[in-house]
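# Chain and residue survey
Next come the chains, spelled out residue by residue.
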Amino acid sequence: MTLRDWLICDSLPLWATYGVDREFGGYFEKLTSNLKPSSDPRRARLVARQIYFFAVGSSLGWEGPQDDLLVHGYTYLMDHFVSKEGRVCATCTKNGQIIDDRQHLYDVAFVLIALAKLSSISNRFADAEDVARAIESRLRKEYLNPKGGYFDVTTPGIQCANPHMHLFEAYLAWAELKGLDHGFWFERATHFAELALNRMILPNSGALPEFYDANWKPLFINEKLDIEPGHQFEWSWLLARWSYLADSSEAWDASMRLCYLAEQYGVDSTRNTVIQCINQFLEPSDLTSRLWQQTERLKAWHVHSNAIGTSDAAMKLSKAYQGLGQFISFPRSGLWFDTMNSRGEFLDEDIKASSGYHLACAIEAISPLAR
């Protein structure tokens, strides 16, 4: 069974049946292995990610109830998390009472990603770009860092690479859509590409750390830099996409370097899995492996293998497939393991719906049938 078949035949139908809250709206955060939903508070990022998850099904030809599922999620998102002025709140109770009204950059990014995906597949969401522009305008007006990127109220004094990476992803998604103001969104994607190339990537190693100060100087925490191999792969994939739009050899070269660095220093060859973290010396500092890291490895090697066509890149792509395959070997097909410890054992934990975004994104990226 291919990854696409697994998603279409097993995973999407399962989550459409058990992962949707028909009583209060939105989607459940987690399922147990027995398909019992959690009662966790609702997060804007999870609602947005599940919209994306089901929308990818539409892109790949799933003949399920995706229209109903997407309207269901979009309605909950707009009713509870996104204001007319473009403010995005973080969390609420299942019946919509706001718990955290702060605007996290991470939440903003995934709302923008979901809106771009909805805009790409159906005229039913014709107002999605207007909502996205309102969010972008407010973000730029109130949170812009003159040194690049945005300030995040949730991490005062620290600039985190992860939400900026996903904002880059969001603006790229909009810039790649046809029939819109390409220049508007391309300019915003370019801002993040240049931030990464000129400020975030370390000139000597070519790695991209997780934390910086307000001037984008890398932050040492407990005398070490945190460098996540999964994010090196993810930045590699994004910079490769931007390099095509911008015709930038600099971005392509940086993308290649990030990909090879992550493979060489961030993959445990015994388990064939991407690990959580390496330090400034490119030595392992956390050997835990997560599902999302394997999807980013697959996406990065897919784009580079297709571009350079060498047997070495093809072999690395094959290993990336095999590494990810371990995490979807859950006894009930359609679910997944999220965390593997350093001994190669999967943790016994509830299944996080949020990981479906990473799987859907990777499967769509490698699928020739995506429309």
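The present account deals with the structure reproduced in this document. Just so it is clear, the model here is predicted, and its values are computed rather than measured. (Residues numbered from 1 in each chain as written. Predicted model: local features only at pLDDT ≥ 70, side-chain atom pairs only at ≥ 80, totals over all residues. Heavy atoms only, no water.)

### Some remarks on the side chain of Glu263
- Relative to the helices and strands, Glu263 resides in helix 9 (residues 249-265).
- Every residue in contact with Glu263, bar those within four places of it in the chain, is listed here: Phe233, Arg297, Trp301 and Lys316. (Helix = DSSP H or I, 4+ residues; strand = E, 2+ residues; numbered from the N terminus. Contact = heavy atoms within 4.5 Å.)

### As for helix 4 (residues 105-121)
- Here helix 4 contains 17 residues, and its C-alpha end-to-end distance of 25 Å stays within 8% of the 24 Å for a straight helix at 1.5 Å per residue.
- Here helix 4 lies mainly inside the structure; 14 of its 17 residues are buried. (Expected span 1.5 Å × (residues − 1). Buried < 20%, exposed > 50% of the residue type's maximum accessible area, 1.4 Å probe, protein only.)

### Looking at the pattern of salt bridges
- According to the stated counting rule, one finds 23 salt bridges in the structure shown.
- Between Asp107 and Arg45 there is a salt bridge, and its shortest N-O distance comes to 2.7 Å. A residue pair is termed long-range when its members are at least 10 positions apart, and Asp107 in helix 4 and Arg45 in helix 2 (residues 44-59) qualify at 62 residues. Taken individually, Asp107 and Arg45 each receive the classification buried, so the pair is uniform in this respect.
- As a salt-bridge pair, Arg271 and Asp268 come within 2.9 Å of each other at their nearest N and O atoms.
- On the basis of relative accessibility, which here comes to 9%, the residue Arg271 falls in the buried class.
- Residue classification places Asp268 among the buried residues on the basis of a relative accessible area of 17%.
- If you follow the salt bridges from partner to partner, you end up with Glu136, Arg140, Glu187 and Arg188 in one network. (Salt bridge = Lys/Arg side-chain N within 4 Å of Asp/Glu carboxyl O.)

### Details of the layout of surface pockets
- The calculated volume of the largest pocket comes to roughly 700 Å³.
- Forming the walls of the largest pocket are 23 residues, and the residues nearest its centre are Lys117, Glu176, Trp237, Arg241 and Glu364.
- For the lining of the largest pocket, the elements supplying multiple residues, two or more each, are helix 2, helix 4, helix 6 (161-175), helix 8 (229-246), helix 10 (291-308) and helix 12 (355-366).
- With five residues, the single largest contributor to the lining of the largest pocket is helix 4.
- Tallied by class, residues from the lining of the largest pocket come to 10 nonpolar, five polar and eight charged.
- Along the walls of the second largest pocket sit 19 residues, with Arg49, Tyr106, Arg290, Trp292 and Ser354 positioned nearest its centre.
- A class-by-class count of the residues in the lining of the second largest pocket yields two nonpolar, seven polar and 10 charged. (1 Å grid on protein atoms, 1.4 Å probe; cavity = no way out; pocket = protein on both sides within 12 Å on 5 of 7 lines; lining within 4 Å. Points joined across faces, edges and corners; volume = space filled by probe spheres on them. Nonpolar A, V, L, I, M, F, W, Y, C, P; charged D, E, K, R; others polar.)

### Remarks on the sheet that holds strand 3 (residues 91-92)
- One open sheet holds the three strands; their spatial order is 2-3-4, and the pairing between them is antiparallel. What marks the edges here is a single partner per strand, and that holds for strand 2 (42-43) and strand 4 (98-100).
- In this sheet, strand 3 lies alongside strand 2 in antiparallel orientation, the contact comprising two bridges. Its bridge partner being in strand 3, Arg42 is matched across the sheet by Cys92. (Pairing = 2+ DSSP bridges.)

### Details of the nonpolar core
- If you look at the biggest cluster of nonpolar residues, it comprises 118 residues, and the most contacted ones within it are Trp15, Phe54, Leu115, Leu167 and Phe168.
- When residues of this core are assigned to their parent elements, the largest contribution, 12 residues, is made by helix 4.
- Look past the residues within four positions of Leu115 in its chain and what remains in contact with it is Tyr74, Met78, Ala128, Val131, Ala132, Ile135 and Trp174.
- One finds Ile227, Leu261, Ile275 and Ile278 within the second-largest nonpolar core, a separate group that totals eight residues. (Core = buried A, V, L, I, M, F, W, Y, C linked by side-chain atoms within 4.5 Å.)

### Focus on the state of the cysteines
- Overall, the coordinates contain zero disulfides when judged by the stated rule.
- Between Cys160, a cysteine without a disulfide, and Cys277, which holds the nearest cysteine sulfur, the sulfur-to-sulfur distance is 13 Å.
- Between Cys259, a free cysteine, and Cys361, which holds the nearest cysteine sulfur, the sulfur-to-sulfur gap is 15 Å.
- The buried category is assigned to Cys259, whose relative accessible area is 0%. (Disulfide = S-S within 2.5 Å.)

### A closer look at the packing of helix 5 (residues 128-143) against helix 6
- Where helix 5 contacts helix 6, the two axes come as close as 13 Å, and the packing angle between them is 140 degrees. On the basis of the axis angle, helix 5 is oblique to helix 6. Handedness of the helix 5/helix 6 crossing: left-handed. Contacts from Ala128, Glu129, Ala132, Glu136 and Leu139 of helix 5 reach helix 6 at Leu167, Tyr171 and Trp174.
- Along the lines of polarity and charge, the residues of the contact of helix 5 with helix 6 split into six nonpolar, no polar and two charged. (Axes fitted to C-alpha atoms, helices over the stretch in contact; angles between N-to-C directions. Parallel < 35°, antiparallel > 145°, perpendicular 65-115°, else oblique. Left-handed = near helix turned anticlockwise from the far one by under 90°.)

### Comments concerning the packing of aromatic side chains
- Summed over all chains, the structure comprises 23 aromatic pairs.
- Taking 6.0 Å as the distance between ring centres and 40 degrees as the angle between the ring planes, the aromatic pair formed by Tyr150 and Phe192 counts as tilted. A residue pair is termed long-range when its members are at least 10 positions apart, and Tyr150 in the loop between helix 5 and strand 5 (159-160) and Phe192 in helix 7 (residues 182-200) qualify at 42 residues.
- What makes Tyr150 buried here is its relative accessible area of 3%.
- Each ring, one from Phe327 and one from Phe346, has its centre 5.0 Å from the other, and the planes form 80 degrees; the classification is edge-to-face. Linking Phe327 in helix 11 (residues 311-327) with Phe346 in the loop between strand 12 (339-340) and strand 13 (351-352), this pair joins segments that are 19 residues apart in sequence.
- Accessibility expressed as a relative area gives 0% for Phe327, which makes it buried.
- Judged by its relative accessible area of 25%, Phe346 falls in the partly exposed class.
- Each member of the aromatic cluster is reached from another via a ring pair, and the members are Tyr150, Tyr171, Trp174, Phe184, Trp185 and Phe192.
- Positioned above the aromatic ring of Trp237, the side-chain terminus of Lys299 is 3.7 Å from the ring centre. (Phe/Tyr/Trp six-rings, centres within 6.5 Å; stacked < 30°, edge-to-face > 60°. Lys NZ or Arg CZ within 6 Å of the ring centre and 35° of its normal.)

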